[in-house]
Amino acid sequence: MKRAINFNAGPAALPMEVLLKAQEEMLDWRGTGMSVMEVSHRSSEYEAMHNESQELFRKLAGMGPEWKILFMTGGASTQFFMVPMNYLFRERKATYIVTGHWGKAAVKEAKRFGSIDVISTENEDGSFTRIPKQEELRIDPTSTYVHMTSNNTIYGSQWQYWPEVGGAPLVCDMSSDIFSRPFPVDKLALIYAGAQKNLGPSGVTLVAIRDDFLYLAQEQSKLPTMLSYRTFSENNSLYNTPPCFSIYILNLTLKWLLYSIGGLENMQKINEEKARILYEAIDSSEGFYRGPVEKESRSQMNVVFRLKTPEMEDAFIKQAKSAGIIGIRGHRSTGGIRFSIYNANLVDNIRKAVEFMEEFRLINR
Ligand SMILES: *Cc1c(COP(=O)(O)O)cnc(C)c1O
């Protein structure tokens with residue numbers, strides 16, 4: 001068996017340990033004589049795993065009991081409308097800081113529900129190459145919430161500081177860098193993330209809401225039952241059938257992060273080292289590889305760069321594939337190359353990627 005050196009942007013690589021454990025438990029999960037996909041979501045075995053996953057999440061994040069951890073479906077894209085649907089009623093207004101494709105998509109949905117202030121770093125040609133500086137953020141402090149995207153998966157930029165937003169609740173789409181580094185939970189009111197980049201498989205979306213912000217959400221009776229945060233909170237995300245298997249893989253991934261890696265501070269050190277190695281290869285390539293993102297806004301999760309021509313990029317991708325390196329074509333809207341180096345891709349894989357880059361450069365420069 002040969003495992004790919006997998007830099008897919010999402011769904012993405014999972015830790016080997018997680019896959020092996022899932023394989024081992026596939027036919028007889030926790031002595032039930034069934035796989036986790038076949039047990040009732042009302043069984044004590046399932047519920048214990050479900051609750052344990054929330055506890056692991058809180059523990060890793062450093063969140064107290066005031067945080068509700070919800071398991072939802074529909075991906076981060078569903079949160080784009082869930083957040084405004086639950087919060088923008090009675091003339092309430094929100095502010096969106098747009099630093100990439102997904103932030104723009106979130107604004108499009110929010111506009112259906114209320115009035116929105118937008119602070120954007122979009123360039124004239126429609127691209128995004130930077131995170132705004134604190135002094136650029138003129139935020140109406142009466143905003144019901146401020147929405148940001150911590151890591152821009154497609155453009156390859158990432159916030160390297162947490163913005164001051166004048167006391168308004170901060171909502172963050174963390175889909176592509178959740179648990180890649182510690183984050184200041186007391187600055188946040190709601191975070192969400194599709195699991196398929198850094199936390200597990202697709203099918204489950206993590207939403208964490210602080211009690212005092214949950215309290216401001218629309219009444220349950222005014223919304224479709226399944227589109228109300230209160231439904232999920234009041235029923236421990238078990239109002240209907242949750243995505244059991246996805247939550248199970250999430251559970252194993254959180255254990256890997258907590259017990260094998262040793263938590264978010266260790267993960268951050270590893271991720272910093274990975275990004276350093278890759279950006280170093282770009283910066284020392286004498287212009288052969290060019291990163292479009294401003295240095296202080298560079299992402300440690302999605303490393304994006306260009307070669308001289310699209311033809312050369314095609315050749316790069318093709319030859320990388322022969323070397324066992326896959327998933328590096330940039331998003332269809334931007335072109336170029338993108339190495340998505342989420343948590344499960346450890347330093348070894350990055351070194352292999354850099355070796356390949358160096359070889360390719362020496363032959364083609
Ligand atoms: C991938 C991604 C999304 C979209 O996620 P889905 O789960 O496919 O809806 C949203 N935001 C960010 C930052 C992403 O990286």
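Residues numbered from 1 in each chain as written. Predicted model: local features only at pLDDT ≥ 70, side-chain atom pairs only at ≥ 80, totals over all residues. Heavy atoms only, no water.

A. Looking closely at the site of the ligand. Not every one of the 13 residues close to the ligand is listed here, only the nearest: Ser-77, Thr-153, Asp-173, Gln-196 and Lys-197. Measuring from a nitrogen atom of the ligand, one finds a side-chain N or O atom of Asp-173 at 2.6 Å. For the ligand, an oxygen atom lies 2.7 Å from a polar atom in the side chain of Lys-197. Taken by itself the ligand offers 390 Å² of open surface, and the protein chains cover 87% of this. Per-element tally for the shell around the ligand: the top contributor is helix H3 (residues 75-87), with four residues. (Near = heavy atom within 4 Å. Polar contact = N/O pair within 3.5 Å; in protein donor to acceptor, adjacent residues only side chain to side chain. Areas by Shrake-Rupley, 256 points an atom, 1.4 Å probe, with all protein chains shown as cover. Helix = DSSP H or I, 4+ residues; strand = E, 2+ residues; numbered from the N terminus.)

B. Looking closely at the sheet that holds strand S10 (residues 205-210). Strands sit in the order S2-S10-S9-S8-S5-S3-S4 across an open sheet of seven strands; the sheet is mixed. Both outer strands of the open sheet, strand S2 (67-72) and strand S4 (115-120), are each paired with one neighbouring strand and no more. Going from strand to strand, the sheet's axes swing by 15 degrees on average, the running direction of each strand aside. Alignment of strand S3 (residues 93-98) against strand S5 (residues 145-149), held across three bridges, turns out to be parallel. By the bridge assignment, Thr-95 is partnered in S5 with Val-146. (Pairing = 2+ DSSP bridges. Axes fitted to C-alpha atoms, helices over the stretch in contact; angles between N-to-C directions.)

C. Seen up close, the packing of helix H8 (residues 264-283) against helix H10 (residues 347-364). At a minimum axis distance of 10 Å, the contact between H8 and H10 shows a crossing angle of 0 degrees. With respect to H10, the element H8 is oriented roughly parallel. For the pair H8 and H10, contact is made by Ile-270, Glu-273, Lys-274, Ile-277, Leu-278, Ala-281 and Ile-282 and by Val-347, Ile-350, Arg-351, Val-354 and Met-357, respectively. Grouping the amino acids of the contact of H8 with H10 by side-chain chemistry returns nine nonpolar, no polar and three charged. (Parallel < 35°, antiparallel > 145°, perpendicular 65-115°, else oblique. Contact = heavy atoms within 4.5 Å. Nonpolar A, V, L, I, M, F, W, Y, C, P; charged D, E, K, R; others polar.)

D. Expanded view of the side chain of Thr-32. Here Thr-32 lies in the loop between helix H1 (16-25) and helix H2 (44-61). Apart from residues no more than four positions distant in its own chain, Thr-32 is found in contact with Val-39 and Glu-45.

E. Spatial organisation of helix H4 (residues 101-110). Inspection of H4 places Gly-103, Ala-106, Val-107, Glu-109 and Ala-110 among the buried residues, and these make up the whole buried set. What you see down the axis of H4 is that its buried residues fit within an arc of 165 degrees, all on one side. Of the surrounding elements, those touching the buried residues of H4 are H3, S3, S4 and S5. (Buried < 20%, exposed > 50% of the residue type's maximum accessible area, 1.4 Å probe, protein only. Arc of directions from axis to C-beta.)

F. View of the packing of H3 against H4. Orientation of H3 relative to H4, taken along the N-to-C sense of each, is 45 degrees, at an axis distance of 8 Å. Accordingly, the angle class assigned to the pair H3 and H4 is oblique. Here the hand of the crossing between H3 and H4 comes out right-handed. Along its contact with H3, which presents Ser-77, Phe-80, Phe-81 and Pro-84, the element H4 presents Trp-102, Ala-105, Ala-106, Glu-109 and Ala-110. Split into classes, the residues belonging to the contact of H3 with H4 amount to seven nonpolar, one polar and one charged. (Left-handed = near helix turned anticlockwise from the far one by under 90°.)

G. Examining the pattern of salt bridges more closely. Evaluation of the coordinates by the stated rule reveals 23 salt bridges. In this structure, Glu-122 and Lys-104 form a salt bridge, with 2.9 Å as the shortest nitrogen-oxygen distance. Within this pair, whereas Glu-122 is found in the loop between S4 and S5, its partner Lys-104 is found in helix H4, the two being separated by 18 residues in sequence. Using a relative accessible area of 33% as the deciding quantity, one classes Glu-122 as partly exposed. Because the salt bridges share partners, they merge into one network encompassing Lys-21, Glu-24 and Glu-25. (Salt bridge = Lys/Arg side-chain N within 4 Å of Asp/Glu carboxyl O.)

H. Representation of the pairing of strand S9 (residues 190-194) within the structure. The buried fraction of S9 is high, at five of five residues. Residues Leu-190, Tyr-192 and Gly-194 point to one face of S9 and Ile-191 and Ala-193 to the other, with burial holding for every one of them. Sheet analysis places strand S8 (residues 170-173) next to S9, joined by three bridges and oriented parallel. Looking across to S9, one finds that Val-171 is bridged to Leu-190. The sheet contact formed by S9 and S10 spans five bridges and is antiparallel. Directly across from Ile-191, in S10, lies its bridge partner Ala-208.

I. Structural detail: the domain arrangement of the chain. Per the domain assignment, the segments of the chain are domain 1 (16-261) and domain 2 (263-364). The gap between the C-alpha centroids of domain 1 and domain 2 is 27 Å. Facing the 29 residues of domain 1 at the interface are 27 residues of domain 2. For the pair domain 1 and domain 2, the two sides together bury roughly 2300 Å², of which 57% comes from carbon and sulfur. Counting across the domain 1 and domain 2 interface gives zero salt bridges. There are 14 residue pairs in polar contact (both at pLDDT 80 or more) connecting domain 1 and domain 2. Of all elements in the fold, only H2, strand S6 (151-152), strand S7 (157-158) and helix H7 (244-261) reach the threshold of two or more residues within the side of domain 1 that touches domain 2. The element that contributes the greatest number of residues to the side of domain 1 that touches domain 2 is H7, accounting for four residues. (Domains from an automatic or database assignment. Buried area = accessible area lost by both parts, 1.4 Å probe.)

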